[in-house]
Amino acid sequence: MTVHFIGAGPGAPDLITVRGLRLIESCPVCLYAGSLVPEAVVAAAPAGALVRDTAPMTLDEIIAEMAAANEKGLDVARVHSGDPSLYGATAEQMRRLKALGIPYDVTPGVPAFAAAAAALATELTVPELCQTVILTRTAMKSSSMPVGEELSTLGQSGATLAIHLSIRNIPHIQRELEPLEKYGPDCPAIIAYRVGWPDEAFIHGTLADIHAKARAAKLTRTALIFVGRALGATDFIDSKLYDAAQVHLLRPKRKAGA
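Residues numbered from 1 in each chain as written. Predicted model: local features only at pLDDT ≥ 70, side-chain atom pairs only at ≥ 80, totals over all residues. Heavy atoms only, no water.

Undergrad: How should I be thinking about unusual backbone geometry in this particular structure?
TA: In terms of backbone geometry, most residues other than glycine have negative phi values and most peptide bonds are trans. In this model, Tyr87 sits at a positive phi of 50 degrees, which is unusual for a non-glycine residue. Relative to the helices and strands, Tyr87 is located in the loop between strand E4 (76–80) and helix H4 (90–100). One non-glycine residue, Arg194, adopts positive backbone phi at about 45 degrees. Here Arg194 shows up in the loop between strand E8 (188–193) and strand E9 (201–206). A relative accessible area of 18% places Arg194 in the buried class. (Helix = DSSP H or I, 4+ residues; strand = E, 2+ residues; numbered from the N terminus. Buried < 20%, exposed > 50% of the residue type's maximum accessible area, 1.4 Å probe, protein only.)

Written out as structure tokens, the structure reads:
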């Protein structure tokens, strides 16, 4: 018996990995985070499987379901949105399972920031402008942010910021980032709403006006905020990867005319 933590991707049922889908199809117990995982994903569970939405359940209740499955020798598909390694509350479940001696493994999924970048047809890292992406969030009703992970500190890097769980905290984001030289009020900002779902939407703006645009759209949840100079950048050098004058192991000779 094994509890399989599975990343279902951002929302579109066809963005789950082949491995993840096959596990769902084979597990007689399926526990899924229904607030963010579409029912179409878990519809692949085998006939007669126990399928439960864990959105209204507590951690104790979820672990109890897993323990009950373990006693019966039944594999469990524990389906989370995006990738389980990011804001999935999987660490606390794994800690409980380890204490109980219940085996588990993890199947990765497409994270929301990657799906959003794909939908926007944009690269989050641009040569000599930005080569770092920071995945973070802000503190509201959830657990507080550790010291040193404030946006004003992370913002010293000039990285592309992918800010999760913060659509109702945009004024704080503005206060933290607008005074910074590498961002500022005119810095591009994009809100990615319900990426991969039928009502997916993107709001383009700047740090200065993105809050007003979010309010006008009446967005209050299920959104990711990108901030950074790489967003929509057009004036940048070509990378060295395909440069005809650049030699490397797989292209040891300069191309003609280089």
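Undergrad: I keep staring at the pairing of strand E7 (residues 160–164) and nothing clicks. Help me out?
TA: Among the five residues that make up E7, five are buried, leaving the element largely enclosed by the rest of the structure. As paired strands, strand E6 (residues 133–137) and E7 are joined by five bridges and run parallel to one another. The residue of E7 that forms the bridge with Arg137 is His164. Bridge count between E7 and strand E10 (residues 223–227): three bridges; the pairing is antiparallel. Paired with Ala162 across the strands is Phe226, a residue of E10. (Pairing = 2+ DSSP bridges.)

Undergrad: How should I be thinking about the sheet that holds E4 in this particular structure?
TA: Picture the strands of a sheet paired through backbone hydrogen bonds; they go either parallel or antiparallel. Across the sheet, five strands lie side by side as E3-E2-E4-E1-E5; this open sheet has parallel pairing. At either end of the open sheet lies a strand with only one pairing partner, and these are strand E3 (50–53) and strand E5 (104–107). In this sheet, adjacent strand axes meet at a mean angle of 15 degrees when their direction is disregarded. Pairing analysis gives five bridges linking strand E1 (residues 3–7) to E4, with the strands arranged parallel. Following the sheet pairing, His4 is matched in E4 by Ala77. In the packing of helix H1 (residues 18–26) onto the sheet, contacts are made with E1, E4 and E5, and the angle to E1 comes to roughly 135 degrees. Together, E1, strand E2 (29–32), E3 and E4 form the strand contacts of helix H3 (residues 59–72), whose direction differs from that of E2 by roughly 165 degrees. (Axes fitted to C-alpha atoms, helices over the stretch in contact; angles between N-to-C directions. Contact = heavy atoms within 4.5 Å.)

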